[in-house]
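A structural walkthrough
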Amino acid sequence: TSLITGLRGYPQISGMSTAATLDDRTLYPLFGRTIPSDVGTATAAVLYMRNVLGIRNMAMVHTSDAYGSAYAGGMLDAIPRYTPDLTINTFILRFGANKEEVQNTVA
């Protein structure tokens, strides 16, 4: 709906939409949010894990859906920028993976 309201000149403010793609001001010039995007929360998580918890090595398991991929992408972008001494290994699960697939991925 943000595209349609933008074309009509109406701003749209969301308290639930976290997709980072909505940050594109050329596509969504009148879109705003009251919560951080997935990238914003991923950056905060990376900083907390490194600076508060002292984590230097971690593994991330995420699903291959839009949310899981966007959040993982946000973390992978934030690590070299804010916490270059943090190493991460990523493992991708097919969205809707069954128990056996999950066990094989994390084993």
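All of these numbers come straight from a predicted model, not from anything done at the bench. (Residues numbered from 1 in each chain as written. Predicted model: local features only at pLDDT ≥ 70, side-chain atom pairs only at ≥ 80, totals over all residues. Heavy atoms only, no water.)

**Considerations on the overall build of the chain**
Note the following rule: Strands here are runs of E lasting at least two residues and helices are runs of H or I lasting at least four, both read from the DSSP assignment and numbered beginning at the N terminus. Put simply, the radius of gyration uses C-alpha atoms, and a globule should come to 2.2 Å times the residue count raised to 0.38. Burial classes follow relative accessibility: with a 1.4 Å probe on protein chains only, a residue under 20% of its type's maximum area counts as buried, one over 50% as exposed, and anything between as partly exposed. Contacts were defined at the residue level, with two residues in contact if any of their heavy atoms lie within 4.5 Å. Values of accessible area rely on a 1.4 Å probe in the Shrake-Rupley scheme; residue burial ignores everything except the protein chains shown. A residue counts as positive if it is Lys or Arg and as negative if it is Asp or Glu; His and the chain ends are not included. Charge placement uses NZ in Lys and CZ in Arg. For Asp and Glu, CG and CD serve respectively.
Scanning the chain from N- to C-terminus turns up 4 helices and 4 strands. The order of helices and strands in the chain, counted from the N terminus, is α-β-β-α-β-α-β-α. Taking 107 residues into account, the globule formula puts the C-alpha radius of gyration at 13 Å, and the chain, at 17 Å, lies well above it. Considering only C-alpha atoms, the chain reaches an extent of 50 × 35 × 20 Å along its principal axes. With 107 residues in all, the chain has 26% of them scored as buried. Pairs at least 24 residues apart make up 50% of the contacts formed inside the chain by residues separated by at least 6 positions. For the chain, the computed accessible surface area is about 7100 Å², with 59% contributed by carbon and sulfur atoms. Within the chain, the 8 negative side-chain charges are centred at a point lying 6 Å from the centre of the 8 positive side-chain charges.

**A short note on the packing of aromatic side chains**
Put simply, the rule is: To pair, rings of Phe, Tyr and Trp, with the six-membered ring standing in for Trp, must have centres within 6.5 Å; the planes then decide the type, stacked if under 30 degrees apart, edge-to-face if over 60, and tilted in the middle.
Taken as a whole and assessed by the stated rule, the structure comprises 1 aromatic pair. Ring geometry for Y67 against Y71: centres 6.1 Å apart, planes inclined by 25°, an arrangement best described as stacked. With Y67 and Y71 both in helix 3 (residues 66–82), this residue pair falls 4 residues apart, about one helical turn.

**Focus: the pattern of salt bridges**
What counts here: We define a salt bridge as a side-chain nitrogen of Lys or Arg found within 4 Å of a carboxyl oxygen belonging to Asp or Glu.
Evaluated as defined, the whole model comprises 3 salt bridges. Residues R50 and D85 are paired through a salt bridge, measuring 2.9 Å at the closest nitrogen-oxygen approach. Taken together, the positions of R50 in helix 2 (residues 38–52) and D85 in the loop between helix 3 and strand 4 (87–93) put the pair 35 residues apart, joining distant regions of the chain. Taking relative accessible area as the criterion, R50 reaches 12% and is therefore assigned buried.

**Regarding the packing of helix 2 against helix 3**
The condition that has to hold: Working convention: axes come from line fits to C-alpha atoms, limited for helices to the stretch in contact. Angles between N-to-C directions cover 0 to 180 degrees. Any angle between 65 and 115 degrees counts as roughly perpendicular, while under 35 counts as roughly parallel, over 145 as roughly antiparallel, and the rest as oblique. Crossing handedness is defined as follows: a turn of the near helix away from the far one that is anticlockwise and smaller than a right angle gives a left-handed crossing, while the clockwise case is right-handed. Residue classes follow a fixed rule: Ala, Val, Leu, Ile, Met, Phe, Trp, Tyr, Cys and Pro count as nonpolar, while Asp, Glu, Lys and Arg count as charged, and any other residue, Gly among them, counts as polar.
Taken N-terminus to C-terminus, the directions of helix 2 and helix 3 make an angle of 50°; their axes are 8 Å apart at the nearest point. When the interaxial angle is binned, helix 2 and helix 3 end up oblique. In terms of crossing hand, the pair formed by helix 2 and helix 3 is right-handed. Seen from helix 2, the contacting residues are D38, V39, T41, A42, T43, A45, V46, L47 and M49; seen from helix 3, they are Y67, A70, Y71, G74, M75, A78, I79 and Y82. Its residues placed into classes, the contact of helix 2 with helix 3 shows 13 nonpolar, 3 polar and 1 charged.

None of this, on its own, says anything about what the molecule does.
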